[in-house]
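Working through the structure, step by step
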Amino acid sequence: MLIDRLAFTGLRNLGPLDLAPSPGINLIVGPNGSGKSSLLEGLHILGMGRSFRTRQLKHVITHEAGEMTLFARLCGAPPLPIGVRRSRDAAELEMRMGGERVSRLAQLIEALPLQLVNPDAFRLLEGAPAGRREFLDWGVFHVKHDFYEAWRRAKRALKHRNALLRHGRMDVNNLAVWEQELASWGERVDDLRRDWITSFLPVFEETLSRLIDLPELSLRYSRGWDKQRSLREVLEQGRATDQQMGFTQNGPQRADLRIRLGRRPAVEVLSRGQQKLVVSALKLAQGRLLEQSTGRSCLYLVDDLPAELDAEHRRVFCRLLESMRCQAFITSVEHDALVGQWESHTPIAMFHVKQASSGTGQLVPQAQTDFMTE
């Protein structure tokens, strides 16, 4: 979904903004600490209901402000306005779509699919499995319509089984009921994940090949329990050990994506620049598969594009991004790092973030012709 208007107030060190972004590439340039990443953070909150910089949204609100309001209008017939508001004293995020209040975060995520490429994205390679599961489930959620319900029911069954395991005396009958529920929905989650991976792999491999030549890189899905046995059998046979540990050790909650170069974990072999290209390929392939499967477009947020990349790989990244004809918001400290990267037919808007006397960052539209290839 393309955004044709943005309006933010009370967001970190950014002054109030109301702008009409380009349907293509939006370049955000300014010094460190001026508010470039805050703009991406606001978009991320709109599409994911959370920040990528802090777990507590109250820390995103400007110090002297009582609340933060983020608004975007999505193109369509008719256009769809979406917005979120967070008061400093409120416990929850208020979400609205089409003028109506919504209670499920999944509605917000579905309305504005987005992918973020920033320093935290390296966790896909070097971090815990939870980050890779989140990446995996974002893709399945947007492509497989019954995934959310299966995932929700499996999570509920897991919560109840873990609670029973922690009791001093285990209620076997109750445990059997929730094991059956977890096995049924957990197997369904696994089926949907495996179907998605089958579709995702060729898109990822083609995307990666356009960014960097790494023929030995492999991506393998691990479902979280013995592939030779059913989940129900694993749960029943693991009761004693699980009770001793106090939680369920096997199941869809332990799924992972294993990314290797040859026989070694990719993170142990690749340079920092190579890692960024692999992570970028994963993120861009997510959006490409979404568009191929559903016809819906994905929004891309790229924080500090030049970091870790030499001039040639910056050019390759930009050319791939513009070939996708998507909407993207890209930040950079250096104006010159983005010069000459774009074809003349690519829709581009450039904004310079300047520090006002009050200390807030103000977005100022700039001429864009010097960002295009001559």
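For the structure itself, look to the data block above.
A quick note: this is a predicted structure, and the numbers were derived from the prediction, not measured.

Overview of the overall build of the protein chain
Within the protein chain, the secondary structure is distributed over 11 helices and 15 strands. Taking 374 residues into account, the globule formula puts the C-alpha radius of gyration at 21 Å, and the protein chain, at 22 Å, falls close to it. Here the C-alpha coordinates of the protein chain stretch approximately 70 × 50 × 40 Å along the principal axes. Here the analysis covers contacts within the protein chain between residues at least 6 apart in sequence; of these, 71% occur between residues at least 24 apart. With the model as given, the accessible surface of the protein chain reaches about 17,600 Å², and the carbon-plus-sulfur share is 48%. Computing the positive centroid from 51 side-chain charges and the negative centroid from 45, the protein chain places the two 5 Å apart.

Some points on helix 11 (residues 311–323)
Along an α-helix, residues three or four positions apart point the same way, because every turn accommodates 3.6 residues. For helix 11, spanning 13 residues, the distance from its first C-alpha to its last is 18 Å, which sits close to the expected 18 Å at 1.5 Å a residue. Among all positions in helix 11, only Arg314, Val316, Phe317, Cys318, Leu320, Leu321 and Glu322 are buried. Where helix 11 is buried, its residues meet strand 3 (25–29), helix 6 (172–211), helix 10 (272–294), strand 12 (299–302) and strand 13 (327–332). Taken from the residues just after helix 11, Arg325 is the one with a positive phi, measuring 50 degrees.

Brief notes about the sheet that holds strand 7 (residues 100–102)
If you trace the 6 strands from one edge of the open sheet to the other, you get 2-1-4-5-6-7, paired in antiparallel fashion. The open sheet has two edge strands with one neighbour each: strand 2 (17–19) and strand 7. Between one strand axis and the next, the sheet turns by 15 degrees as a mean value, whatever way the strands run. Relative to strand 7, strand 6 (residues 94–97) runs antiparallel, the two being bridged by 3 bridges. Its bridge partner lying in strand 7, Arg96 is registered against Arg101. Helix-sheet contacts for helix 1 (residues 36–48) involve strand 1 (3–9), strand 2, strand 4 (67–74) and strand 5 (80–87), and the interaxial angle to strand 1 is about 105 degrees.

Quick look at the packing of helix 10 against helix 11
Where helix 10 meets helix 11, the closest approach of the two axes is 12 Å, and the angle between their N-to-C directions is 0 degrees. Classed by the angle they form, the pair helix 10 and helix 11 counts as roughly parallel. Only His313, Phe317, Leu320 and Leu321 of helix 11 make contact with helix 10, whose side of the interface consists of Leu277, Ser280 and Leu284. Here the contact of helix 10 with helix 11 is composed, by residue class, of 5 nonpolar, 2 polar and no charged.

Overview of the packing of helix 4 (residues 129–143) against helix 5 (residues 147–165)
Closest axis-to-axis distance for the helix 4/helix 5 pair is 8 Å, and the angle between their directions is 130 degrees. Here helix 4 is positioned oblique relative to helix 5, judged by the angle of their axes. Taking contact as the criterion, the partners of Asp137, Val140 and Phe141 in helix 4 are, on helix 5, Phe147, Tyr148 and Trp151. The class makeup of the residues in the contact of helix 4 with helix 5 is 5 nonpolar, no polar and 1 charged.

Describing the side chain of Arg132
Position of Arg132 relative to the elements: it lies in helix 4. Only 3.0 Å separates the side chain of Arg132 from the backbone oxygen of Gly127, close enough to count as a polar contact. Apart from residues lying up to four places away in sequence, Arg132 is in contact with Arg123, Leu124, Leu125, Gly127, Asp256, Leu257 and Ile259.

Re helix 10
End to end, helix 10 covers 33 Å across 23 residues, agreeing with the expected 33 Å (1.5 Å per residue, within 8%). Most of helix 10 sits inside the fold, with 17 of its 23 residues counted as buried.

A word on the nonpolar core
Core analysis: the largest hydrophobic core is formed by 118 residues, its most contacted members being Leu6 and Leu217. Residues in contact with Leu217, not counting those within four places in the same chain, are Phe204, Leu208, Ile259, Arg260, Leu261, Ala266, Leu270 and Val278.

Definitions and limits used
Residues numbered from 1 in each chain as written. Predicted model: local features only at pLDDT ≥ 70, side-chain atom pairs only at ≥ 80, totals over all residues. Heavy atoms only, no water. Helix = DSSP H or I, 4+ residues; strand = E, 2+ residues; numbered from the N terminus. Rg over C-alpha atoms; globule rule 2.2 N^0.38 Å. Contact = heavy atoms within 4.5 Å. Areas by Shrake-Rupley, 256 points an atom, 1.4 Å probe, with all protein chains shown as cover. Lys, Arg positive; Asp, Glu negative; His and termini not counted. Charge placed at Lys NZ, Arg CZ, Asp CG, Glu CD. Expected span 1.5 Å × (residues − 1). Buried < 20%, exposed > 50% of the residue type's maximum accessible area, 1.4 Å probe, protein only. Pairing = 2+ DSSP bridges. Axes fitted to C-alpha atoms, helices over the stretch in contact; angles between N-to-C directions. Parallel < 35°, antiparallel > 145°, perpendicular 65-115°, else oblique. Nonpolar A, V, L, I, M, F, W, Y, C, P; charged D, E, K, R; others polar. Polar contact = N/O pair within 3.5 Å; in protein donor to acceptor, adjacent residues only side chain to side chain. Core = buried A, V, L, I, M, F, W, Y, C linked by side-chain atoms within 4.5 Å.

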